[in-house]
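# Fold and contact review
If you want the building blocks of each chain, they are given just below.
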Protein chains: 2
Amino acid sequence: MSPKTQEPQVISITDLHPAQAKWVSLKKVDFIDQTGTARTWEVAVRKTTPKAGVDAVAMGNIFMHPSKPPSTLLVLQYRPPIGKYTVEWPAGLVDEHETPEEAAVREMKEETGYDGKVFDVSPVLASDPGMTNSTIKLVMVEVKLSGEEDFMPEQRLDDGELIERVMVPLDELYERLMKWANQDNYMVAAKLFYFAAGVNFAKKGGYI
Amino acid sequence: MSPKTQEPQVISITDLHPAQAKWVSLKKVDFIDQTGTARTWEVAVRKTTPKAGVDAVAMGNIFMHPSKPPSTLLVLQYRPPIGKYTVEWPAGLVDEHETPEEAAVREMKEETGYDGKVFDVSPVLASDPGMTNSTIKLVMVEVKLSGEEDFMPEQRLDDGELIERVMVPLDELYERLMKWANQDNYMVAAKLFYFAAGVNFAKKGGYI
């Protein structure tokens with residue numbers, strides 16, 4: 001990982017014409033609704049959707065250790081769209097000729113250094129369907145630790161990726177996310193928060 | 001609700017210049033990263049972020065009934081960005097002078113017809129931080145039914161909103177989402193799925 005020498009700084013934010021964009025385009029969808037009325041919708045469209053038909057994978061990861069509680073590895077990274085550090089599960093775009101499972105194992109290795117074993121794959125899910133066509137699969141992966149590891153393994157980050165890793169016991173996940181959310185320079189990613197909220201909701205047992 | 005007379009149909013999808021868009025813009029962020037390197041990022045930006053500093057609220061709703069299991073009301077609606085019907089919790093944009101709690105009660109009433117009582121509000125969360133600056137709060141609301149309601153109350157939908165409501169027992173939520181996900185013309189929203197996956201994960205008790 002490159003040395004962290006300064007806080008990231010936004011220099012300028014300027015209009016981008018869709019034709020000049022590489023990753024994201026802006027489109028107007030003209031459609032006829034259920035009543036026969038003509039309507040329009042503005043959509044941010046991913047330009048890179050691969051053959052697998054899903055843009056991204058996120059790795060809901062579970063670390064098992066012989067003497068420590070089951071934990072999950074979160075990644076903290078500066079996200080220019082937000083202008084803050086986000087707290088997320090490792091995630092990445094699916095490459096053109098990959099399956100989502102392959103992308104999950106590859107991205108897990110790149111962002112965390114660990115070899116994960118896939119044990120569950122979600123259906124294709126809509127990331128933010130009021131605004132984008134972006135889709136994601138939640139891929140659950142398990143990592144078994146021997147207990148003899150002294151350090152986290154080296155990451156294999158792409159140029160420009162600077163990703164900090166934090167291991168969190170699963171039964172503290174919700175509380176830890178709340179702590180990050182209360183810090184000005186951090187924002188928790190919605191999907192991870194919803195998972196933790198679901199776990200917390202079930203554990204409290206009030207309604208289930 | 002207007003009569004549903006036909007399946008929605010996309011007529012055209014065309015490039016939209018950011019200056020002509022009302023709701024969503026496309027921007028190029030120039031920034032300096034932690035190593036001092038100049039980089040750029042393409043971002044879909046909401047144009048309507050209100051004073052409250054959060055774009056949207058979603059209502060994680062719990063319906064209590066004297067003789068039925070605790071349930072949650074989901075909304076099914078055609079989403080042009082996806083070109084399918086999505087399965088989501090009720091949600092909407094926060095108006096300019098509203099608090100997120102006020103928006104949650106208002107949108108719950110509009111989309112479902114029910115008066116909800118807010119019992120928990122999440123921090124500001126990043127909806128899809130690799131691609132957009134869009135943010136959301138998960139607002140948990142409770143609706144107490146007397147058991148004497150024969151029908152669902154009338155919705156107060158905006159022009160163009162066509163929203164179907166489906167009540168699902170909470171302990172069947174994950175399985176019901178999986179069933180929708182297996183139908184070609186439906187897609188489950190990621191955040192709702194993550195919540196259900198969290199509940200399911202905790203209930204199975206394998207790792208918690």
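Residues numbered from 1 in each chain as written. Chains lettered and ligands numbered in written order. Predicted model: local features only at pLDDT ≥ 70, side-chain atom pairs only at ≥ 80, totals over all residues. Heavy atoms only, no water.

### Points about the pairing of strand S6 (residues 84-88) of chain B
Residue and element names in this part refer to chain B. With four of its five residues buried, S6 lies for the most part within the structure. Across five bridges, the pairing between strand S5 (residues 71-79) and S6 is antiparallel. Bridging from a neighbouring strand, Tyr78 pairs with Tyr85 of S6. Once S5 ends, the chain turns through four residues before running back antiparallel as S6, passing Gly83 with a positive phi of about 75°. Sheet topology note: the S6/strand S12 (residues 186-189) ladder contains three bridges and is parallel. Along S12, the bridge assignment pairs Tyr85 with Tyr186. (Buried < 20%, exposed > 50% of the residue type's maximum accessible area, 1.4 Å probe, protein only. Helix = DSSP H or I, 4+ residues; strand = E, 2+ residues; numbered from the N terminus. Pairing = 2+ DSSP bridges.)

### Quick word on the packing of helix H3 (residues 190-204) of chain A against helix H3 (residues 190-204) of chain B
With their axes 7 Å apart at the nearest point, H3(A) and H3(B) run at an angle of 35° to one another. Here H3(A) runs over H3(B); the crossing is right-handed. Two secondary-structure elements touch here, H3(A) through A:Ala190, A:Lys191, A:Leu192, A:Tyr194, A:Phe195, A:Ala197, A:Gly198, A:Val199, A:Phe201 and A:Ala202 and H3(B) through B:Ala190, B:Lys191, B:Leu192, B:Tyr194, B:Phe195, B:Ala197, B:Gly198, B:Val199, B:Phe201 and B:Ala202. Classifying every residue of the contact of H3(A) with H3(B) by side-chain character gives 16 nonpolar, two polar and two charged. (Axes fitted to C-alpha atoms, helices over the stretch in contact; angles between N-to-C directions. Left-handed = near helix turned anticlockwise from the far one by under 90°. Contact = heavy atoms within 4.5 Å. Nonpolar A, V, L, I, M, F, W, Y, C, P; charged D, E, K, R; others polar.)

### Overview of the packing of helix H2 (residues 173-181) of chain B against H3(B)
Any two packed helices are characterised by how steeply their axes cross, that is the angle between the axes, and by the distance between the axes. Residue and element names in this part refer to chain B. The contact between H2 and H3 brings their axes to 9 Å, and the two run at 135°. In this view, H2 runs oblique relative to H3, as classed from their interaxial angle. With respect to the hand of their crossing, H2 and H3 are arranged in left-handed fashion. Together, Leu173, Tyr174, Glu175, Leu177 and Met178 of H2 and Leu192, Phe193, Phe195, Ala196, Ala197 and Asn200 of H3 make up the contact between the two elements. Class assignment for the residues of the contact of H2 with H3 results in nine nonpolar, one polar and one charged. (Parallel < 35°, antiparallel > 145°, perpendicular 65-115°, else oblique.)

### Some remarks on the pattern of salt bridges
In this structure the tally under the stated criterion is 24 salt bridges over all chains. Note that A:Arg39 is salt-bridged to A:Asp33, the shortest N-O span being 2.7 Å. The partner of B:Glu110 in a salt bridge is B:Arg106, with the nearest N and O atoms 3.3 Å apart. A residue pair is termed a helical-turn pair when its members lie 3 or 4 positions apart in one helix, as B:Glu110 and B:Arg106 do in helix H1 (residues 100-112) at four residues. (Salt bridge = Lys/Arg side-chain N within 4 Å of Asp/Glu carboxyl O.)

### Focus on the relation of the copies chain B and chain A
Structural alignment of chain B on chain A gives an RMSD of 0.0 Å, achieved by rotating through 180° and translating 0.0 Å along the axis. Overall, the copies show the geometry of a two-fold rotation axis. A symmetric contact is evident, with 100% of the interface residues of chain B recurring at the interface of chain A. (Least-squares fit on C-alpha atoms with pLDDT ≥ 70 in both.)

### Details of the sheet that holds strand S1 (residues 9-15) of chain B
In spatial order, the strands read S3(A)-S2(A)-S1(B); together these three strands make up an open sheet with antiparallel pairing. Strands with a single pairing partner mark the edges of an open sheet, and in this sheet they are strand S3 (38-46) of chain A together with S1 of chain B. Each strand axis lies, on average, 30° off the axis of its neighbour in the sheet, ignoring direction.

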